[in-house]
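Take a look at the letters that make up each chain.
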Amino acid sequence: MAVPVAFFALFFAYPVTAIVGRGFRTDDGWRFGRIGEVLGRPDILDVLWFTTWQALASTALTLLIALPGAYVFARFAFPGKQVLRAVVTVPFVLPTVVVGTAFLAVLGRGGLLDELWGVRLDTTVWAILLAHVFFNYAVVVRTVGGLWSQLDPRQEEAARVLGAGRFAAFRRVTLPALVPAVAAAALMVFLFTFTSFGVVQILGGPAYSTLEVAVYRQTAQLLDLPTAAVLTLVQFTAVGAILAVHAVTVRRRERALKLVDPAQTSRRPRGAGQWALLGGVLLTALLLILLPLGVLVERSLDGPGGYGFGYYRALQSAGSGATSTFLVPPLEAVGNSLRYALVATLIALVVGGLAAAALTRRAGRLVRGFDALLMLPLGVSAVTVGFGFLITLDKPPLDLRTSWILVPLAQALVGVPFVVRTMLPVLRAVDERLREAAAVLGASPLRAWREVDLPLVRRAVLVAAGFAFAVSLGEFGATVFIARPDTPTLPVAVARLLGRSGELNYGQAMALSTILMLVCAVSLLLLERIRTDRSGEF
């Protein structure tokens, strides 16, 4: 536990505490009365209200659209199922900047709807809600569908034999078993939409602001640290409550059900109704997921002189004069992001792997508190973390403001929770008697880990590395503060291009977003291949 605790204390707790402390500290002492002052402002109340209701609306809409997909993936066997599963999961690992850009290409000025029917939905709440459904569709499909596929269908069939109708059998047998999974998925979707930043920043315009966007504006544009500190505390408290409820839900789900092999529950659709349901899910995936991504690619190729790679070639030049958006060619952001993400993945694997190993040893109040600590980066504004890096890591021996390592450190904070959640179930499944047998035969703890644990968890490590790489590649909230002008990351480069007018900047943003999307998609397809590998390693 020593290395993970030290890492989080130095690169998470210290910057966040410092930036919040500056917001409350004055020459006359501490002023905690600012909490009431800030929360009483009408503009802040509007932000709180919009953050809450759009998260609730996004969660409800996501469940409505994604639950049929969860059923299809759980119960139906059809050609291309694994490929489709990977496709619907692509949006979850995409950076929010890419998601916002893709929907801008469909709903914004000059977008697909604008060209076909003269309708624009950017700067409206509908654009935000649809983008959130796009982003979180896979959360419901994976969480609920994964459990649904392991529920024994014979229980529902027995209820039908005893006289229950199809709906009654589902309501009284299957639904109670699914409620914990649905609640867990809903809480995660609510968490992601409650802390939404890139999607709201790009699609919402100045009229809409979540807490995360408000923290960014108060910090970066208005330099109002007291207000930003209060908003950070509010978001931290709200997300902490969400994570606590989520932990209880997950524990209930793990101990309440007896599961079967998913291969026993999957079969080809039967009857017109089931084929229609499958067709509806495929159509939803086409319109909700493939259409925005396809339009994004099309816009990146549609140059002033017709279709071609003009915008991609323009990425090789930095431009000149006052109209230049970058000090270096934007294409260099690809190499920067890959290098940063690889280093961040290595850090996340070391810290997250040690943390997961510590959590498998014994239970207790201390370990549960340590487990909660690992999830905190998902509940604190990434903007606060990034700005905190700038004002705390500026003195020897940790004067890192000009160091390239600052970006991977911020990205690793987001990657560690994914590593822990991926590796922990597998490590807990390793029979302790295997380690004890190795020790009896004279193996040291290090050799026992290398000979016993590593072969069993190797695939889990690869999956964890893939997730850490994908989320590191797309991290935006903290990186937008600390990325140097001459070494931008892909999300930061896309945001800069979208922030400037001109057809060339817009086209280059689409091209960079397409490159980032392809890198994330390839990473996910490799993950899916590893996940479904039936080599029997564990």
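A short tour of the structure in this document, coming up. Bear in mind that the values here come from a model prediction, so they are computed numbers and not experimental data.

### Notes on the overall build of the protein chain
Scanning the protein chain from terminus to terminus reveals 23 helices and six strands. Considering the protein chain as a whole, with its 538 residues, one finds that 50% of them fall into the buried category. Pairs at least 24 residues apart make up 78% of the contacts formed inside the protein chain by residues separated by at least 6 positions. For the protein chain, the exposed surface amounts to about 24600 Å²; the carbon and sulfur share of it is 64%.

### Regarding unusual backbone geometry
Unusually for a residue other than glycine, Thr123 sits at a positive phi of about 65 degrees. Positionally, Thr123 belongs in the loop between α6 (112–117) and α7 (125–148). Under the relative-accessibility criterion, Thr123 is labelled partly exposed at 41%.

### Brief notes about the side chain of Thr101
Looking at where Thr101 falls in the secondary structure, it is placed in helix α5 (residues 96–107). On the basis of relative accessible area, Thr101 is assigned to the buried category, the value being 0%. Of the polar contacts made by the side chain of Thr101, one reaches the backbone oxygen of Val97; its length is 2.7 Å. Setting aside its immediate chain neighbours within four residues, Thr101 contacts Ile202, Leu296, Val494, Leu498, Ala509, Met510 and Ser513.

### Let's talk about a positive patch on the surface
A grouping of Arg160, Arg166, Arg267 and Arg270 is seen on the molecular surface, where their side chains present a positively charged patch. Along the polypeptide, Arg160 turns up in helix α8 (residues 153–161). Of the residues examined, Arg160 reaches a relative accessible area of 37% and is grouped as partly exposed.

### What about the side chain of Thr479?
Relative to the elements of secondary structure, Thr479 occurs in helix α21 (residues 479–482). For Thr479, a relative accessible area of 0% gives the class buried. If we ignore the near neighbours within four places in the chain, the residues touching Thr479 are Val407, Gln411, Thr489 and Val492.

### Examining helix α11 (residues 211–221)
With nine of eleven residues buried, α11 lies mostly within the body of the structure. Listing the buried residues of α11 in full gives Leu211, Glu212, Val213, Ala214, Val215, Tyr216, Arg217, Gln218 and Thr219. At the exit of α11 stands Leu223, carrying a positive phi of roughly 55 degrees.

### Here we look at the packing of aromatic side chains
Inspection of the entire model under this criterion finds 13 aromatic pairs. Seen in terms of ring centroids, Tyr71 and Phe76 are 5.5 Å apart; in terms of plane orientation they differ by 75 degrees. Their pairing is edge-to-face. Residue classification places Phe76 among the buried positions, given a relative accessible area of 1%. Grouped by ring-pair contacts, the aromatic residues Phe7, Phe8, Phe11 and Phe12 constitute a single cluster.

Definitions and cut-offs
Residues numbered from 1 in each chain as written. Predicted model: local features only at pLDDT ≥ 70, side-chain atom pairs only at ≥ 80, totals over all residues. Heavy atoms only, no water. Helix = DSSP H or I, 4+ residues; strand = E, 2+ residues; numbered from the N terminus. Buried < 20%, exposed > 50% of the residue type's maximum accessible area, 1.4 Å probe, protein only. Contact = heavy atoms within 4.5 Å. Areas by Shrake-Rupley, 256 points an atom, 1.4 Å probe, with all protein chains shown as cover. Polar contact = N/O pair within 3.5 Å; in protein donor to acceptor, adjacent residues only side chain to side chain. Patch = residues over 30% accessible without salt bridge, like charges linked within 9 Å, V, L, I, M, F, W, Y side chains within 5 Å. Salt bridge = Lys/Arg side-chain N within 4 Å of Asp/Glu carboxyl O. Lys, Arg positive; Asp, Glu negative; His and termini not counted. Charge placed at Lys NZ, Arg CZ, Asp CG, Glu CD. Phe/Tyr/Trp six-rings, centres within 6.5 Å; stacked < 30°, edge-to-face > 60°.

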